[in-house]
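Read off the chains here:
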Amino acid sequence: SAVISQKPSRDICQRGTSLTIQCQVDSQVTMMFWYRQQPGQSLTLIATANQGSEATYESGFVIDKFPISRPNLTFSTLTVSNMSPEDSSIYLCSGKTRDTQYFGPGTRLTVL
Amino acid sequence: GQSLEQPSEVTAVEGAIVQINCTYQTSGFYGLSWYQQHDGGAPTFLSYNGLDGLEETGRFSSFLSRSDSYGYLLLQELQMKDSASYFCAVVFYGQNFVFGPGTRLSVLP
């Protein structure tokens, strides 16, 4: 199985600030994704992190709000910008190998 | 479009067998996966069906029938620690997985 680490594990932030979440995957991973999950809900894909180019965002998510970087094959960051209480959620980094997708431990974000 | 359906909740007792169904309306995928997620934890991979039929991994088995657009996860000899949410996911080549809404399993003593 692929190893995926993510930090911070949790944070409490003030409205209007930004938080950057880091994700490190091992070399088995070919694709990297960022998800959001509200309590009791399924996983919502935010974007596919592309190495060396702009991320591919899903409907409802934009680069200005959720800038994503992937400078190399095994590292990516997601920034939640200008946060509001509605951004409170769990953010999950995910890496895909040939036929399996693995998840990092998640970042539990609370915006006050 | 791609959509998957799962029961929202299932309850069973320790030692029992439970089946969690997943129906889908999509095509062009090459497999069906199942994930387990405990409260406060991340989804963890359970099983993958690339071909129709049954795959067995210990107490867990998963089944896929492409002709019926249907799959299921079978959990045997239920234990309290199996209480969690279970997600089916359709696997596409070169893309992210598409996840179902999840089924919350409660195992009672």
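Residues numbered from 1 in each chain as written. Chains lettered and ligands numbered in written order. Predicted model: local features only at pLDDT ≥ 70, side-chain atom pairs only at ≥ 80, totals over all residues. Heavy atoms only, no water.

S.K.: Quick question: what am I supposed to make of the overall build of chain A here?
M.R.: What chain A contains, in helices and strands, is zero helices and 11 strands. Ordering the α and β elements of chain A from the N terminus gives β-β-β-β-β-β-β-β-β-β-β. Taken against the 2.2 N^0.38 rule, which gives 13 Å for 112 residues, the C-alpha radius of gyration of chain A at 13 Å falls within 12% of a compact globule. Taken along the three principal axes of its C-alpha coordinates, chain A extends 40 × 30 × 25 Å. In chain A, buried positions account for 54% of the 112 residues. A separation of at least 24 residues holds for 54% of the contacts in chain A among residues at least 6 apart in sequence. (Helix = DSSP H or I, 4+ residues; strand = E, 2+ residues; numbered from the N terminus. Rg over C-alpha atoms; globule rule 2.2 N^0.38 Å. Buried < 20%, exposed > 50% of the residue type's maximum accessible area, 1.4 Å probe, protein only. Contact = heavy atoms within 4.5 Å.)

S.K.: Mind showing me how you'd approach the nonpolar core here?
M.R.: For soluble globular proteins, nonpolar side chains are generally found buried alongside one another. Residue and element names in this part refer to chain A. In this structure, Trp34, Ile46, Phe66, Ile68, Leu78, Tyr91 and Leu109 are the most contacted members of the largest nonpolar core, which totals 26 residues. Those elements that place two or more of their residues in this core are strand 3 (19-25), strand 4 (31-37), strand 5 (44-49), strand 8 (75-80), strand 9 (89-96) and strand 11 (107-111). A total of four residues in this core trace back to one element, the largest contributor, which is strand 3. Those residues in contact with Ile68 that lie beyond four places of it in its chain are Trp34, Ala47, Ala49, Ala55, Tyr57, Ser76, Thr77 and Leu78. (Core = buried A, V, L, I, M, F, W, Y, C linked by side-chain atoms within 4.5 Å.)

S.K.: How do you make sense of the interface of chain B and chain A when you look at a structure like this?
M.R.: Quite often, the size of an interface is put as the accessible area lost when its parts meet. Counting residues at the interface gives 20 residues for chain B, matched by 19 residues for chain A. The largest share of the area that chain B buries against chain A comes from B:Pro43, B:Asn96 and B:Phe99, three residues that together contribute 32% of it. Summed over the shared surface of chain B and chain A, the number is zero salt bridges. For the interface between chain B and chain A, the tally reads four residue pairs in polar contact (both at pLDDT 80 or more). For the side of chain B that touches chain A, the elements supplying multiple residues, two or more each, are strand 4 (31-37), strand 5 (44-49) and strand 9 (84-91) of chain B. Among the elements that make up the side of chain B that touches chain A, the one with the highest residue count is strand 4 of chain B (three residues). (Buried area = accessible area lost by both parts, 1.4 Å probe. Salt bridge = Lys/Arg side-chain N within 4 Å of Asp/Glu carboxyl O. Polar contact = N/O pair within 3.5 Å; in protein donor to acceptor, adjacent residues only side chain to side chain.)

S.K.: Teacher, can you tell me more about the sheet that holds strand 1 (residues 3-5) of chain B here?
M.R.: The strands making up a sheet associate through backbone hydrogen bonding, with each pair oriented either parallel or antiparallel. All names here are of chain B. The five strands lie next to each other as 1-3-8-7-6, forming an open sheet whose pairing is antiparallel. At either end of the open sheet lies a strand with only one pairing partner, and these are strand 1 and strand 6 (53-57). Across the sheet, the mean angle from the axis of one strand to that of its neighbour is 15 degrees, orientation sign disregarded. Both strand 7 (residues 60-65) and strand 8 (residues 70-75) contribute to a ladder of six bridges, which runs antiparallel. The residue bridging Ser61 from the neighbouring strand is Leu74, located in strand 8. (Pairing = 2+ DSSP bridges. Axes fitted to C-alpha atoms, helices over the stretch in contact; angles between N-to-C directions.)

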